[in-house]
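A closer look at the structure
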Amino acid sequence: MGSVKDYFSSLGSGIASLLKGMQVTGKEFVTPKITERYPEDRDTRHVPQRFRAILELKYDKDGNHKCIACGTCERVCPNGTISLETKMVDTPAGTKKKKLENYFYDLGSCTFCSLCVTNCPTNALEFSNDFEQAVFTRAKLVKKLNYLPEKEEPAPSPEELARIAAEREAKIAAAKAKAAALKAAREAEAAGEAKAPEAPKAPEADNSENKNQ
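If you're wondering where the values come from, they're calculated on a predicted model, not measured in any experiment. (Residues numbered from 1 in each chain as written. Predicted model: local features only at pLDDT ≥ 70, side-chain atom pairs only at ≥ 80, totals over all residues. Heavy atoms only, no water.)

Moving on: the overall build of the chain. The number of helices and strands found in the chain is five helices and five strands. Shown N-terminal to C-terminal, the secondary structure of the chain runs as helices and strands in the order α-β-α-β-β-α-β-β-α-α. Counting the 213 residues in the chain, one finds 19% classified as buried. For the chain, the share of sequence-separated contacts (at least 6 apart) that also reach a separation of at least 24 residues comes to 68%. In the structure as shown, the chain presents an accessible area of about 17100 Å², 57% of it carried by carbon and sulfur atoms. (Helix = DSSP H or I, 4+ residues; strand = E, 2+ residues; numbered from the N terminus. Buried < 20%, exposed > 50% of the residue type's maximum accessible area, 1.4 Å probe, protein only. Contact = heavy atoms within 4.5 Å. Areas by Shrake-Rupley, 256 points an atom, 1.4 Å probe, with all protein chains shown as cover.)

Written out as structure tokens, the structure reads:
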């Protein structure tokens, strides 16, 4: 008899608990949602400007960037996230110049410390707030930041060519004048040493009388 009473008592408690849970669930079901609905609200979602999501190379409207391939960002990165590939090119002035070839960035190992951005001498880098970077393999997190083709060195204008030629001629003339002045100084020094008279020798003391005495 007691077991039947306990059975119906536990059954009643279970039904009461179920009804209470259904009451809470029904109330929350009709309550207006206060959470953000992602990704349905992707177009209206506001992401703070200070949020760091992915490193980018700044490009202007003409497709140019300010990276000079100095390697500062690669050296200051604590995790080896950045890897630069550079090459040497000839400039119209006849000199050599280091130029960026590939800029690789591993988003998977980036700690978003922003040391690369703050230490860049030309302000060529920035962090965007594009946080949608989900991929299926880690290899896809390695991104090439210079996604546009690298442009060739612009041809100098006739005025620049004339200026470069004038500077080169001025340097050559200055070097020749310096060499001529140095040669003349050496020749004058050698001629002065050759014309210098010898110092007269002191007369020797005549000790013959003393010896005879």
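Here the focus is the nonpolar core. One recurring pattern in soluble globular proteins: nonpolar side chains tend to sit buried together. Leu55, Leu57, Ile82, Tyr103, Tyr105, Cys116 and Leu125 are the most contacted members of the largest nonpolar core, which has 22 residues in total. When neighbours within four sequence positions are excluded, tyrosine 105 is seen to be in contact with Ile54, Leu55, Thr81, Ile82, Cys110, Phe112, Phe127, Leu141, Val142, Lys143 and Leu145. (Core = buried A, V, L, I, M, F, W, Y, C linked by side-chain atoms within 4.5 Å.)

Turning our attention to the side chain of threonine 81. As for its placement among the helices and strands, threonine 81 is situated in the loop between helix 2 (72-76) and strand 2 (82-90). Owing to a relative accessible area of 5%, threonine 81 belongs among the buried residues under this scheme. Of the polar contacts made by the side chain of threonine 81, one reaches the side chain of serine 109; its length is 3.4 Å. With residues up to four places along the chain from it excluded, the contact list for threonine 81 reads Phe104, Tyr105, Asp106, Ser109 and Cys110. (Polar contact = N/O pair within 3.5 Å; in protein donor to acceptor, adjacent residues only side chain to side chain.)

Summed over all chains, the structure comprises two aromatic pairs. Ring centres 5.0 Å apart and planes at 50° place the aromatic pair tyrosine 59 and tyrosine 147 in the tilted group. On the criterion of sequence distance, the pair formed by tyrosine 59 in the loop between strand 1 (54-57) and helix 2 and tyrosine 147 in the loop between strand 5 (142-144) and helix 4 (158-195) is long-range, its members being 88 residues apart. Accessibility expressed as a relative area gives 58% for tyrosine 147, which makes it exposed. (Phe/Tyr/Trp six-rings, centres within 6.5 Å; stacked < 30°, edge-to-face > 60°.)

Bringing a nonpolar patch on the surface into the picture now. A contiguous nonpolar patch, built from Val4, Tyr7, Phe8, Leu11, Ile15 and Leu19 and spanning about 610 Å² of accessible area, is present on the exposed surface. Given a relative accessible area of 44%, isoleucine 15 falls into the partly exposed group. (Patch = residues over 30% accessible without salt bridge, like charges linked within 9 Å, V, L, I, M, F, W, Y side chains within 5 Å. Salt bridge = Lys/Arg side-chain N within 4 Å of Asp/Glu carboxyl O.)

The next subject is empty space enclosed by the protein. To find leftover empty space, one rolls a probe the size of a water molecule over the atoms. If you walk through the whole model with that rule in mind, you get two cavities of 30 Å³ or more. Put simply, the largest cavity is a space of about 100 Å³. In this structure, the largest cavity is lined by 15 residues; those nearest its centre are Cys77, Thr81, Cys110, Cys113 and Cys116. Grouping the constituent residues of the lining of the largest cavity by class yields eleven nonpolar, four polar and no charged. Here the second largest cavity is characterised by a volume of approximately 80 Å³. Lining the second largest cavity are 14 residues; nearest its centre among them are Cys67, Cys70, Cys73, Cys120 and Pro121. Taken together, the residues of the lining of the second largest cavity sort by class into eleven nonpolar, three polar and no charged. (1 Å grid on protein atoms, 1.4 Å probe; cavity = no way out; pocket = protein on both sides within 12 Å on 5 of 7 lines; lining within 4 Å. Points joined across faces, edges and corners; volume = space filled by probe spheres on them. Nonpolar A, V, L, I, M, F, W, Y, C, P; charged D, E, K, R; others polar.)

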